[in-house]
Structure formats: C-alpha cells, structure tokens
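# Residue-level structure breakdown
As a plain string of letters, each chain reads:
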Amino acid sequence: MELGLLYSGGKDSTLAALLLEEFYDVTLVTAHFGISDDWEHARETADAAGFDFERLELDPDVAREAAAQIREDGFPRNGIQELHQHALERLADREYDAIADGTRRDDRVPTISRAQAQSLEDRHGVDYIAPLSGFGRTAVDRLVEARLEVTVGPSEEIDRADYEAELRTIIADEGGPGAVEDCFPDHTQTYVTGVHRSDD
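Anyway, here's the lowdown on the structure attached to this text.

Each value, and the rule that gives it
- Residues numbered from 1 in each chain as written.
- Predicted model: local features only at pLDDT ≥ 70, side-chain atom pairs only at ≥ 80, totals over all residues.
- Heavy atoms only, no water.
- Pairing = 2+ DSSP bridges.
- Helix = DSSP H or I, 4+ residues; strand = E, 2+ residues; numbered from the N terminus.
- Axes fitted to C-alpha atoms, helices over the stretch in contact; angles between N-to-C directions.
- Contact = heavy atoms within 4.5 Å.
- Parallel < 35°, antiparallel > 145°, perpendicular 65-115°, else oblique.
- Nonpolar A, V, L, I, M, F, W, Y, C, P; charged D, E, K, R; others polar.
- Buried < 20%, exposed > 50% of the residue type's maximum accessible area, 1.4 Å probe, protein only.

Attention now goes to the sheet that holds strand S3 (residues 52–57). Strands belonging to one sheet form pairs held by backbone hydrogen bonds; the direction of such a pair is parallel or antiparallel. Across the sheet, which stays open at both edges, the five strands sit in the order S3-S2-S1-S4-S5 with parallel pairing between neighbours. Edge positions in the sheet fall to S3 and strand S5 (127–129), since each of these pairs with one other strand and no more. Sheet twist, expressed as the mean angle between neighbouring strand axes with direction ignored, is 30°. As paired elements, strand S4 (residues 98–100) and S5 share three bridges and run parallel to each other. Note that in S5 the partner of Ala100 across the bridge is Ile129. Relative to the sheet, helix H1 (residues 11–20) contacts strand S1 (2–6), strand S2 (25–32), S4 and S5, its axis offset from that of S1 by approximately 165°.

Right, here's the structure in full:
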C-alpha cells in the first residue's frame, strides 16, 4: 500500500516514517509554498534515510493568509493549524492509499481531531494515520535517541522544511525581522542528519 507522509526533515516526521515503513511503501512529501527553497533540507534527510521523496506545491496565497493571521493574533498557532489542514487536504488528493503526519499526543499545534480525520478519510477515500498520536514527548525522545542523529538549535537557525520557515520569510518581508520576533516565541527545532537502521 502506498502512503504519503507530510515531512519536514525533523525528528517527529522521520520517526513516523520509520514506524510506518514495515506496513506501507512510504513516500516522504514536503509541502511548500514556493516562498523559499527550504524544502531541499527535507529532500536531503529523506535521501539519507532511504525514503522516496516528493514535493507538494501549495498555493502561496494560503501561506500569506496564514502569515496575516499570525501577525493579527500575535502567535503562530492558528496560522500553522490552517496550513497543516490545507496540506493534508492536498496530500489526500494524491494517489495514495493512506496519508500520515508526525503529530504527537502532546502537540499543541498542529493537531487533527477525530472528526477532522474521519472527514478527511470519508471525503477523499484514504486512510489518515498519525503513528505518534499515542506517544508523549519523553517516549518520542527515547526513540529518537536510539534511532536518529539530530541537530538541535534555535528555530531561526535550524535547517528544516516545516511551515514555520516560509511563514517567517513572509512575515519578515512584510514587517521586518522584529515582526517575526513579535509573533514566534523562542523555541528549539530539530533537523535529522542520519538514521540508524535496525540492521546497521
């Protein structure tokens, strides 16, 4: 069965791919809006991990609307949630038997409710899978330590291909670097640089 996994190059989506590969032919799919070339970081990680990779090009106006929402709110939650739901909808339009993401049990954003998941499945005729939805932060960190090589650092300095990178670019272009700092709290990100396979 063919599965498309929304992929950022970070630890959660990489771990999700490793959990799913026993049961599906996994393709890592990075959604991007053509604002920057950050998607290339995800392609490098996908290659290093041995997975097929595709880009999912989305409407840049959707990203601009999300950036405007973030600036209005003063925080990123609602804008990122909108982008994630939009990306899942577009991924479900592709020719996959199943789609997945790396959302965890303890995530505040993005999240997909049971009703949203069922709606997605019913409307598109695909299975939606969140393989980390039963894993808390500590459990994920233990699995990551055992299987992944990661770089960790401040969000603005880490190479990655998540929605935040392009949103930061839009907000900086429109309001300057200070606008980015006003909207995004300081936090760390991860970027996977290697995978330890069980047969290594």
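Right, picking up where we left off after that structure.
Describing two packed helices takes the angle between their axes plus the distance from one axis to the other. Closest axis-to-axis distance for the H1/helix H6 (residues 137–147) pair is 11 Å, and the angle between their directions is 75°. With respect to their mutual orientation, H1 and H6 come out roughly perpendicular. Taken together, the residues of H6 that come into contact with H1 (itself represented by Lys11, Asp12, Leu15 and Leu18) are Val140, Asp141, Leu143, Val144 and Arg147. In the contact of H1 with H6, the residues fall into five nonpolar, no polar and four charged.

A word on the environment of Ala66. One can find Ala66 in helix H3 (residues 60–73). Its relative accessible area of 5% is what places Ala66 among the buried residues. For Ala66 and Ala115, which are 49 residues apart along the polypeptide, the C-alpha to C-alpha distance reads 22 Å. Here Ala66 is in contact with Gly79, Leu83 and Leu167, once residues within four sequence places are set aside.

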